[in-house]
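# A look at the structure
This is what each chain is made of:
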Amino acid sequence: MAQISAPRRAAVPRWRINIILLVVFVMGLLTTRQLVLIQVYQELKGRRLDELVQGELTKHVVLQPRRGTITDRNGVALAMNVNLNSLYVDSTKIEEPEKMAILLAPIINREASDLIPLLSDKTREWTRLSRWISPEAADQIRKLGEEGEPPTGLFLIEEAKRVYPQGEFASRIVGAANYEGTGIAGVEAFYNDEIKGITGTLQAEQDRDQRPIWIAPTQIVEPQDGVDVKLTIDSTVQKLAEDELRRVVEEQQAEGATILIMEPSSGEILGMATWPVFDPNNYTEYEPEQVNRNNALTDVYEPGSTFKVIVTAMGLQTGAFTPDTTVYDGGVVHRYGYDIGNWNRAGNGAQTPGQMLYNSSNVAALQFGEMVGRDNFYKYVKLFGYGQLTGIDLGGEGQGIVNWPEDNPDNWSDLTLGQNSFGQGIAVTPIQHLTAMSAIANGGTLMWPHVVKEKCLGTQCTPVKPRVVRRVVDQGVTDAIRGMLTTNAEHYANLIWGPSTGNWADQPLVAGYHVAAKTGTSQIPVNGGYDNNSVIGSVIGFAPSDNPRIAVLVKIDRPKKAQWGIEAAIPVYHRIVTKLMTHFRIPPDPNYLGPGQVIGGPQ
Amino acid sequence: MAITQQQLPLQTARVRRTQSPSSYMKLGDSGLIVGAVVIVCILSLLFLAQTGRVATAGYHLQELEREHTQLLHEAEQYEYRIATASRLDAITERAQKLGLRPATNEQLRYSTIELPAVPVVASNE
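Residues numbered from 1 in each chain as written. Chains lettered and ligands numbered in written order. Predicted model: local features only at pLDDT ≥ 70, side-chain atom pairs only at ≥ 80, totals over all residues. Heavy atoms only, no water.

## A word on empty space enclosed by the protein
Residue and element names in this part refer to chain A. Counted under the stated rule, the structure contains one cavity of 30 Å³ or more. In this model, the largest cavity occupies a volume close to 40 Å³. Together, Glu-168, Ala-170, Ser-171, Arg-172, Gln-238, Glu-242, Leu-245, Met-272, Ala-273, Thr-274 and Val-277 line the largest cavity. Of all the elements in the fold, those that place two or more residues in the lining of the largest cavity are helix H6 (171-174), helix H9 (235-252) and strand E14 (268-274). Along the lines of polarity and charge, the residues of the lining of the largest cavity split into five nonpolar, three polar and three charged. The residues that make up the lining of the largest cavity include at least three from each of domain 1 (55-87 + 165-227) and domain 2 (232-603). (1 Å grid on protein atoms, 1.4 Å probe; cavity = no way out; pocket = protein on both sides within 12 Å on 5 of 7 lines; lining within 4 Å. Points joined across faces, edges and corners; volume = space filled by probe spheres on them. Helix = DSSP H or I, 4+ residues; strand = E, 2+ residues; numbered from the N terminus. Nonpolar A, V, L, I, M, F, W, Y, C, P; charged D, E, K, R; others polar. Domains from an automatic or database assignment.)

This is the structure we're talking about:
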């Protein structure tokens, strides 16, 4: 029987064993080094372990404050915050992109053809399909899925949005905040630092689901919410102003218009409407200039005959003339090599300041201006606030153009004074002009115009108190001017009442109310001369004359239908004052009615 | 026959306890170690239970905060809807649908209300 011998063990060369030992030794060394690094020096890949742990565990969160709301004086919300859902998609999880696109398109107002590539792109895991969709749209998307959740692959994420529930309404005052929550126009921009609030921080250890672990020390700096702002705007007044603005722009095919309504005793702006308007909810759809520009503050124009009121006030205040002083109006007057005349070159004879206003005589105004004299004239121009900022709490205000004799000797001549006396050669902003007129309505005291009435932080409210800028003229002067302007307003009444009553004589402009008004037709400077084809028609005044509650400015830029502009502006002024007298519950005087006039009419 | 009385161990211990209570309370080294371990265990258990309760309460608090925030957001949504519905344009439109019209001049009535005279407060002096 053959003996089976055990297989011979193959001899392993010694060098191989040495190599293996060496490798094991080197690996052992490396492992030991790593152990020392981790256990002794607490380092991993060049970073300290405690830092890595801290980074993994600790959560740093910026806590956003709530941006303050903006309301009108009665609490009507004009700007607020709302958390709306944005729709995101993880396209790798969408099984039928075409079908999903067709379902989503009408809900988020996008074309299905635009959505299909976004839903089909398997290389992108997170794409925003629509930002800030309406709650109704969000509900519809949830109904597409199961158990009240969006379909697989779609996500609704809440994101804060600044919204303007009134849309275009009062947008020139409220302004707009951009998508990052920074005010870029109006009150939103001017008070941005107060409205935006102060961000807070949260530093805490977190668990696997990124929730703070409460047993670990937590550092919280609470965010401070922004200030809630209450405007001086009265929504009813603002609505009336905007409706009238839209109506007159359409009727007259005007290039622009401005309606300003102020409370003379406080300087509070009750309504401010300018054309064109914009919707702050979609501010990106407008030119930046259209969003940022508030024509009531930025636009300068020659006030024309409305400035004669100011000249009358300065003359009476300085004693340069009295209400009974007369100058001769021959229709044209020759000064410094130029003929200066009335609008129709017709003379009015002897003119008192009241008659000068009534007939809107340029020739008489020039002579009254000369009687005031250069120094007093420009002293009072300055005191009334022309050529300088009013300081209204809105951005972008212009300061108008006044050629001061001392500051601009090259641009000023004796003729300038004459032109300025009837509102030419001087440019004002609507807010400047109405503020000055409000001083006359307010017994001679110039008030600071403002649009914010109150600022509230939580329940702590701080009222913005009316501020007296200065006393410009005495009460006696303004009393005299009120009388003149009331007579003046009666002069314009036939435009309103003549067609319905057949009475074309002077009569109350607003039936039952004593109202002050002065019109102006301003020429528009172009290329060193004046535009012969267009004018700016304006009316400025206040009501009731004896105890003014409102001061109103109506300005219509380049009306196409009304030759002098004032035929367009007076009806607007009449309608606004008529409705506001009722709104402010000011009882009419039943004895102050012309033949055929009815209170509140004509309708 | 002599009778030997032998006490049982428990009885012996009771006697010793009553005779010298201080010696009974004295612990040896091993007793101290066992006692310390027991105390540490109890404290650890208490700490663990307390920590667990705090963490649970923290999560509960967090959940409540989340609900609070959610409710605030819902309130904002309603405020937004109210504000949108109370636009003057919308109110005018709804009023007209209801058949309401602005008052005409003939329908306006102005009344002068005579305020009562300020009552004279009788003085005791």
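Back to the write-up after that little detour.
## Things to note about the nonpolar core
Note that soluble globular proteins tend to have their nonpolar side chains buried in a common cluster. Residues and elements named next belong to chain A. Ranked by size, the top nonpolar core spans 88 residues in total, and within it Val-187, Leu-231, Val-381 and Phe-384 carry the most contacts. Of the domains in this structure, domain 1 (55-87 + 165-227) and domain 2 (232-603) are the two that each give at least three residues to this core. For Phe-384, the contacting residues outside a window of four places in its chain are Ile-310, Ala-313, Ala-436, Ala-439, Ile-440, Leu-446, Arg-470, Val-472 and Val-473. Within the second largest apolar cluster, 41 residues are counted, among which are Val-237, Val-248, Ala-273 and Val-515. (Core = buried A, V, L, I, M, F, W, Y, C linked by side-chain atoms within 4.5 Å. Buried < 20%, exposed > 50% of the residue type's maximum accessible area, 1.4 Å probe, protein only. Contact = heavy atoms within 4.5 Å.)

## Side note on the interface of chain B and chain A
In this assembly, 23 residues from chain B lie in contact with 33 residues from chain A. A salt bridge links B:Arg81 to A:Glu136; the shortest N-O distance between them is 3.7 Å. Applying the counting rule to chain B against chain A returns four residue pairs in polar contact (both at pLDDT 80 or more). In terms of residues, the side of chain B that touches chain A owes the most to one element, helix H3 (residues 29-85) of chain B, which gives 16 residues. Residues belonging to the side of chain B that touches chain A are distributed by class as follows: nine nonpolar, nine polar and five charged. (Salt bridge = Lys/Arg side-chain N within 4 Å of Asp/Glu carboxyl O. Polar contact = N/O pair within 3.5 Å; in protein donor to acceptor, adjacent residues only side chain to side chain.)

## Brief notes about helix H12 (residues 308-318) of chain A
All names here are of chain A. In terms of residue burial, H12 counts as a mostly covered element, since nine of its 11 residues are buried. Every buried residue of H12 is accounted for by Lys-308, Val-309, Ile-310, Val-311, Thr-312, Ala-313, Met-314, Gly-315 and Leu-316. In the stretch just after H12, Gly-319 is the one whose phi turns positive, near 80°.

## Details of the domain arrangement of chain A
All names here are of chain A. In terms of domain boundaries, chain A breaks down into domain 1 (55-87 + 165-227) and domain 2 (232-603). Distance between the C-alpha centres of domain 1 and domain 2: 41 Å. Facing 27 residues of domain 1, the contacting portion of domain 2 comprises 36 residues. Summed over both sides, the interface of domain 1 with domain 2 buries roughly 2,700 Å², with 58% coming from carbon and sulfur. Taken as a group, Arg-73, Arg-172 and Ile-173 account for 32% of the area that domain 1 buries against domain 2, more than any other trio of residues on that side. Taken together, the connections running from domain 1 to domain 2 amount to three salt bridges. Its salt-bridge partner being Glu-268, residue Arg-73 comes within 3.0 Å of it at the nearest N-O pair. Summed over the shared surface of domain 1 and domain 2, the result is 14 residue pairs in polar contact (both at pLDDT 80 or more). Listing elements by their share of the side of domain 1 that touches domain 2, those giving two or more residues are H6, strand E8 (176-177), strand E9 (183-185) and helix H7 (186-190). (Buried area = accessible area lost by both parts, 1.4 Å probe.)

## Regarding the state of the cysteines
Residues and elements named next belong to chain A. With the rule as written, the count across this model stands at one disulfide over all chains. Residue Cys-456 pairs covalently with Cys-461 via a disulfide, S to S 2.0 Å. For the disulfide bridge between Cys-456 and Cys-461, the dihedral angle about the S-S bond is near 110°, and by the sign convention the bridge is right-handed. On the basis of relative accessible area, Cys-456 is assigned to the buried category, the value being 12%. (Disulfide = S-S within 2.5 Å.)

## Side note on the environment of A:Pro449
All names here are of chain A. Here Pro-449 shows up in the loop between strand E19 (445-447) and strand E20 (452-457). You can call Pro-449 buried: its relative accessible area is 1%. Separated by 182 residues in the primary sequence, Pro-449 and Gly-267 place their C-alpha atoms 4.3 Å from one another.

## Describing the pattern of salt bridges
Residue and element names in this part refer to chain A. On inspection of all chains with the given rule, the structure shows 32 salt bridges over all chains. For Glu-244, the salt bridge goes to Arg-575, with nearest N and O atoms at 2.8 Å. One end of the pair, Glu-244, is in helix H9; the other, Arg-575, is in helix H19 (residues 566-583), and 331 residues separate them in sequence. Classification of Arg-575 by relative accessible area gives buried; the value is 17%. Within this structure, Glu-255, Asp-531, Arg-558 and Lys-560 form a network of salt bridges that share partners.

## Description of the packing of aromatic side chains
All names here are of chain A. Using the criterion set out here, one finds 11 aromatic pairs over all chains in the structure. Ring centres of Phe-307 and Tyr-386 lie 5.2 Å apart, and the angle between their planes is 65°; on these two criteria the pair is classed as edge-to-face. On the criterion of sequence distance, the pair formed by Phe-307 in the loop between helix H11 (295-298) and H12 and Tyr-386 in the loop between helix H15 (374-383) and helix H16 (414-421) is long-range, its members being 79 residues apart. Exposure remark for Tyr-386: the relative accessible area of 0% places this residue in the buried category. With centroids separated by 5.0 Å and ring planes inclined at 65°, the aromatic side chains of Phe-377 and Tyr-378 adopt a geometry described as edge-to-face. With a relative accessible area of 3%, Tyr-378 lands in the buried category. Aromatic rings pair up to connect Phe-377, Tyr-378, Trp-404 and Trp-412 into one cluster. Against the face of Trp-404 rests Lys-382, its NZ or CZ located 4.8 Å from the ring centre. Above the face of the Trp-448 ring, Arg-467 is positioned so that its terminal group lies 4.1 Å from the ring centre. (Phe/Tyr/Trp six-rings, centres within 6.5 Å; stacked < 30°, edge-to-face > 60°. Lys NZ or Arg CZ within 6 Å of the ring centre and 35° of its normal.)

## Re a nonpolar patch on the surface
Together, B:Val34, B:Val38, B:Ile39, B:Ile42, B:Leu43 and B:Leu46 make up an exposed nonpolar region whose accessible area comes to about 560 Å². Summarising the element assignment, B:Ile39 is placed in helix H3. (Patch = residues over 30% accessible without salt bridge, like charges linked within 9 Å, V, L, I, M, F, W, Y side chains within 5 Å. Areas by Shrake-Rupley, 256 points an atom, 1.4 Å probe, with all protein chains shown as cover.)

## Some words on helix H14 (residues 362-372) of chain A
All names here are of chain A. Most of H14 sits out of view: nine of its 11 residues are buried. Turning to H14, its buried residues number three or more, namely Asn-362, Val-363, Ala-364, Ala-365, Leu-366, Gln-367, Phe-368, Gly-369 and Val-372. Of the residues that open H14, the one with a side-chain oxygen 3.5 Å from the backbone nitrogen of Val-363 is Ser-361. Immediately downstream of H14, the backbone of Gly-373 shows phi near 90°, a positive value.

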